[in-house]
Each structure stands twice: as C-alpha cells, then as structure tokens.
Amino acid sequence: MERIDATAAWELLRRCKQQRDGVAPGTLELEGEPVLRISADGAWESFAPVDEAAREQLDLYLPLALQPRYTIAQLGQSLDGHIATNSGHSRYVTGPEDIRHLHRLRALVDAVIVGPGTVAADDPRLTVREVPGEQPVRVVLDPAGRLDGGYQVFSDGAAPTLMLRGEGLGCGPAGVEVLTLPAPGRAFTPADVKALLAERGLRRVLVEGGGVTVSRFLEEGALDRLHVTVAPLVIGSGRPGLSLPPIRTMDEAMRPVCRNFRLGNDVLFDFTLSSVFGAGR
Ligand SMILES: NC(=O)c1ccc[n+]([C@@H]2O[C@H](COP(=O)([O-])OP(=O)(O)OC[C@H]3O[C@@H](n4cnc5c(N)ncnc54)[C@H](OP(=O)(O)O)[C@@H]3O)[C@@H](O)[C@H]2O)c1
C-alpha cells in the first residue's frame, strides 16, 4: 500500500473488529500486504505514509478495534454538563463530527445499549448510517417495563433488537424479543446485563445513553472506557450527563487516564477506566 488514507484506515479497523478473538500484537496486513505494526495497547507504526485523518482514526479507534471484549460508554454534553433539555430534546448537542464518531463506535461493537428514557425521548434507530459498517444488536433496557412496542427500534427491522425487562412484568410488547433480569430498585445490575449479552456472543458493548444509564455503569465499575464529547454551548439546565453519589473532597474525584481528540468544534475526552486497555484505574 503506497499511502494510508482515511478510507483505508477505516477498512483496517473494520477488519480488526471482524476478528472475534481480537488482534494479537504484531504485523497487520491488508490484501496480503503488511500495513501496520501494532502493540497490545493500540500503539502503532505504519509501513507506508499515513494521511492526517487516517492517523487520527487509528489513534482513536485501534485500541478498541483490537480488543475482543470491552464495554465503552459515550455521552455528548454541553459545557455545563447537560445531554438534553429538561423536556428531553437533544438533537443535537454535539456537532456532525461527533455524530460520525458515534456511528463509528456503533460499527466497532457487537451491541449498543440504551436506557428507556432515551428511547422514550428520542425514538432512536441506533444503526450505523454515517460510515460503512455492520449493524450492532440494539439492546433496550426497560427495568420497570415502561416502554410499549411503538418505537422504531422495535419495528424498523434495520438490525436485531433485544429488550431487557425486569422480572415479573409480563411478556412485553408483541413481536419484540424480550429477555428478563432481576431489577432491584427498578434498575438492572450492569454486570448482569453484560453477562447476559456475553452469553449471546455480544462482548464488545457500547452504552450509548442516557445519563442515568451511563452513570450507573460507571458507578458500578462496569466500564472499560468512557467517551465524553464536550460541545462549546451552554444549555443552562436540563438532563444531566454523568451523575454519581456525592464525594466530600477533591481527593475522592475520579481522575482516569485521559486522551483528548478534536472533533470539529467539540473536544472528545477518551477515558481509560480498566486494565483491558493497559492502564490502571
Ligand atoms: N447527548 C447524548 O449523548 C445523549 C445520549 C443518549 C440520550 N440522550 C438524551 O438523554 C435523555 C435520556 O437520558 P436519561 O438519563 O433521562 O435516561 P436513560 O438513561 O436513557 O434511561 C433511564 C431512565 O429512563 C427513565 N425514564 C424517563 N422518562 C421515561 C419514559 N418516558 N419512559 C420510560 N422511561 C423513562 C427511567 O425512569 P424510571 O426509573 O422512573 O422508570 C430511568 O431512570 C434523553 O433526553 C435523550 O435525548 C443524550
């Protein structure tokens, strides 16, 4: 390969994802040609010149694409930490580059999880449309059984969908594949959700929102990585992004290993939370 451009870089990342058992450190080939030399933490060197856009993609996504098992969450928030208005309107907090980034994340995982508040507010499709890629399984959490079947994700047939409902709530909407889990306090235990998905071979997981769901996964130590994109706008009030139990002093604040990426006018904070990616918590 004479040069790695953005298209070739994305193709490489997709090939990595297709390796169910992950990609071992060493030489990565495309069409039988050596293209990259990679190490376990996602650091890479190229055998050919690399365009800037390709370099950014490889830096950002290779650590994910190499792994056979991880849970990542994402939120796009305003400067003042909100992900939607009080009424639940959130299209869009962040810019088009972050939306494309979200579609890349969807393409790199086996399953995308959302909470019931997100389905009720956004009626999202949760499909990969902005970049070439395979559709992940869509997983809707509904611990209290509040959602009916009248949302796109249950009826558009664009990708498989699973609904997870609390036990003892009846069978759920017709035509939707429903699985049940214990939901103490009207919430699932993130480890139970991950174990259920892993049993089905869904081991690379994106928790796409909303704030309540992502916060619960973070609080329970169920995330390996967290992407928070901050947009230069102020909503002033609204649905919060991350919200955790109070701490007393700044010594108790989480300060995970972090990388920054520019996405148009927005800034992505890429936090490493577990040793899956070679950094301690
Ligand atoms: N900017 C982003 O990155 C991003 C990403 C995803 C979503 N969002 C926005 O985030 C908001 C949703 O986030 P969230 O933290 O509120 O919820 P969530 O994490 O999606 O879901 C969890 C909560 O949904 C609640 N819920 C609220 N209204 C509901 C309804 N009408 N039907 C069913 N369940 C409902 C549940 O409450 P109970 O315990 O009472 O059942 C539960 O606490 C939406 O406005 C969405 O647009 C933004």
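Owing to the predicted nature of the structure, the values given are computational and were not obtained by experimental measurement.

Analysis parameters
- Residues numbered from 1 in each chain as written.
- Predicted model: local features only at pLDDT ≥ 70, side-chain atom pairs only at ≥ 80, totals over all residues.
- Heavy atoms only, no water.
- Domains from an automatic or database assignment.
- Contact = heavy atoms within 4.5 Å.
- Buried area = accessible area lost by both parts, 1.4 Å probe.
- Salt bridge = Lys/Arg side-chain N within 4 Å of Asp/Glu carboxyl O.
- Polar contact = N/O pair within 3.5 Å; in protein donor to acceptor, adjacent residues only side chain to side chain.
- Helix = DSSP H or I, 4+ residues; strand = E, 2+ residues; numbered from the N terminus.
- Pairing = 2+ DSSP bridges.
- Axes fitted to C-alpha atoms, helices over the stretch in contact; angles between N-to-C directions.
- Parallel < 35°, antiparallel > 145°, perpendicular 65-115°, else oblique.
- Nonpolar A, V, L, I, M, F, W, Y, C, P; charged D, E, K, R; others polar.
- Core = buried A, V, L, I, M, F, W, Y, C linked by side-chain atoms within 4.5 Å.
- Buried < 20%, exposed > 50% of the residue type's maximum accessible area, 1.4 Å probe, protein only.
- Near = heavy atom within 4 Å.
- Areas by Shrake-Rupley, 256 points an atom, 1.4 Å probe, with all protein chains shown as cover.
- Phe/Tyr/Trp six-rings, centres within 6.5 Å; stacked < 30°, edge-to-face > 60°.
- Lys NZ or Arg CZ within 6 Å of the ring centre and 35° of its normal.

Peer 1: Explain the domain arrangement of the protein to me, using residue names and the numbers behind them.
Peer 2: The domains assigned to the protein are domain 1 (6–64) and domain 2 (69–277). Using C-alpha coordinates to define each centre, domain 1 is positioned 26 Å away from domain 2. Residue-level contacts link 17 residues of domain 1 with 23 residues of domain 2. Of the roughly 1800 Å² buried between domain 1 and domain 2, counting both surfaces, carbon and sulfur atoms make up 53%. By the criterion of area lost to domain 2, the three top residues of domain 1 are Trp10, Lys17 and Leu64, representing 41% of everything that side buries. At the boundary of domain 1 with domain 2, the tally comes to 2 salt bridges. Between aspartate 110 and arginine 20 there is a salt bridge, with the nearest N and O atoms lying 3.1 Å from each other. Connecting domain 1 to domain 2 are 11 residue pairs in polar contact (both at pLDDT 80 or more). Among the elements of the structure, α1 (6–18) and α2 (52–65) are those that each provide at least two residues to the side of domain 1 that touches domain 2.

Peer 1: Help me get a handle on the sheet that holds strand β4 (residues 70–78), residues and values and all.
Peer 2: Taken in spatial order, the 9 strands line up as β9-β8-β7-β6-β10-β4-β11-β14-β13 in an open sheet, and their pairing is mixed. The open sheet has two edge strands with one neighbour each: β9 (177–181) and β13 (257–263). With strand direction ignored, the average angle separating the axes of adjacent strands in the sheet is 25°. Relative to strand β10 (residues 204–209), strand β6 (residues 111–114) is paired through 4 bridges, and the arrangement is parallel. Paired with isoleucine 113 across the two strands is valine 207, which belongs to β10.

Peer 1: An account of the packing of α1 against α2 is requested, with residue identities and associated values reported.
Peer 2: At a minimum axis separation of 9 Å, α1 and α2 run at an interaxial angle of 10°. Considering the angle they form, α1 stands roughly parallel to α2. Taken together, the residues of α2 that come into contact with α1 (itself represented by Ala6, Ala9, Trp10, Leu13, Cys16 and Lys17) are Ala53, Ala54, Gln57, Leu58, Tyr61, Leu62 and Ala65. By residue class, the composition of the contact of α1 with α2 is 11 nonpolar, 1 polar and 1 charged.

Peer 1: Pulling in residues and values, what's your account of the nonpolar core?
Peer 2: If you look at soluble globular proteins, the nonpolar side chains tend to sit buried side by side. Within the largest apolar cluster, 49 residues are counted, with the highest numbers of intra-cluster contacts made by Ile4, Leu13, Leu36, Ile38, Leu62 and Phe154. Both domains that meet at this core, namely domain 1 (6–64) and domain 2 (69–277), each give it at least three residues. If we ignore the near neighbours within four places in the chain, the residues touching isoleucine 38 are Val23, Ala24, Pro25, Gly26, Leu28, Ala43, Trp44, Leu62 and Leu66. The next biggest cluster of nonpolar side chains, apart from the first, holds 29 residues, and it includes Ile83, Val139, Leu141 and Leu226.

Peer 1: So what about the site of the ligand? Which residues, and what values?
Peer 2: As a structural note, the neighbourhood of the ligand is formed by 23 residues, with Thr118, Asp122, Arg146, Val212 and Thr213 the closest of them. Separating an oxygen atom of the ligand from a backbone N or O atom of glycine 76 is a distance of 2.8 Å. The separation between an oxygen atom of the ligand and a polar side-chain atom of threonine 118 is 2.7 Å. Protein contacts shield 78% of the accessible area of the ligand, which totals 930 Å² for the unbound molecule. Listing elements by their share of the shell around the ligand, those giving two or more residues are β4, β5 (82–84), α4 (116–122), β10 and α7 (211–219). If one sorts the elements of the shell around the ligand by residue count, α4 sits on top with 6 residues.

Peer 1: Lay out the packing of α1 against helix α3 (residues 96–108) in plain terms, naming residues and giving numbers.
Peer 2: For any two helices packed against each other, the geometry is given by the interaxial angle and the distance between the axes. The interhelical angle for the contact between α1 and α3, taken along N-to-C directions, is 35°, at an axis separation of 10 Å. Mapping the contact onto sequence places Trp10, Leu13 and Lys17 in α1 and Arg104, Ala107 and Leu108 in α3. Here the contact of α1 with α3 is built from residues that sort into 4 nonpolar, no polar and 2 charged.

Peer 1: Which residues make up unusual backbone geometry, and what values do they have?
Peer 2: Comment: phi is negative for the bulk of residues other than glycine, and the bulk of peptide bonds are trans. With an omega of -5°, the peptide bond running from arginine 91 to tyrosine 92 counts as cis. Residue placement: tyrosine 92 occurs in the loop between β5 and α3. For arginine 186, which is not glycine, the phi dihedral falls at a positive 55°. Owing to a relative accessible area of 56%, arginine 186 belongs among the exposed residues under this scheme.

Peer 1: Pulling in residues and values, what's your account of the pairing of strand β1 (residues 26–30)?
Peer 2: Every regular strand shows the same layout, with side chains that alternate between the two sheet faces. In the sheet, β1 pairs with strand β2 (residues 33–38) via 5 bridges, with the strands oriented antiparallel. Across the sheet, leucine 28 pairs through a bridge with leucine 36, a residue of β2. Linking two consecutive strands that pair antiparallel, namely β1 and β2, is a turn of 2 residues; a positive phi of about 50° is found at glutamate 31 within it.

Peer 1: Give me the packing of aromatic side chains: which residues, what numbers.
Peer 2: Scanning the model with the defined rule gives 3 aromatic pairs in all. Between tryptophan 10 and tyrosine 61 the ring centres are 6.1 Å apart and the planes differ by 75°, which places this aromatic pair in the edge-to-face class. Highlighted residues: tryptophan 10 in helix α1 and tyrosine 61 in helix α2, separated in sequence by 51 residues. Judged by its relative accessible area of 4%, tryptophan 10 is buried. Positioned over the ring face of tryptophan 10 is arginine 104, at 4.7 Å from the centre of the ring.

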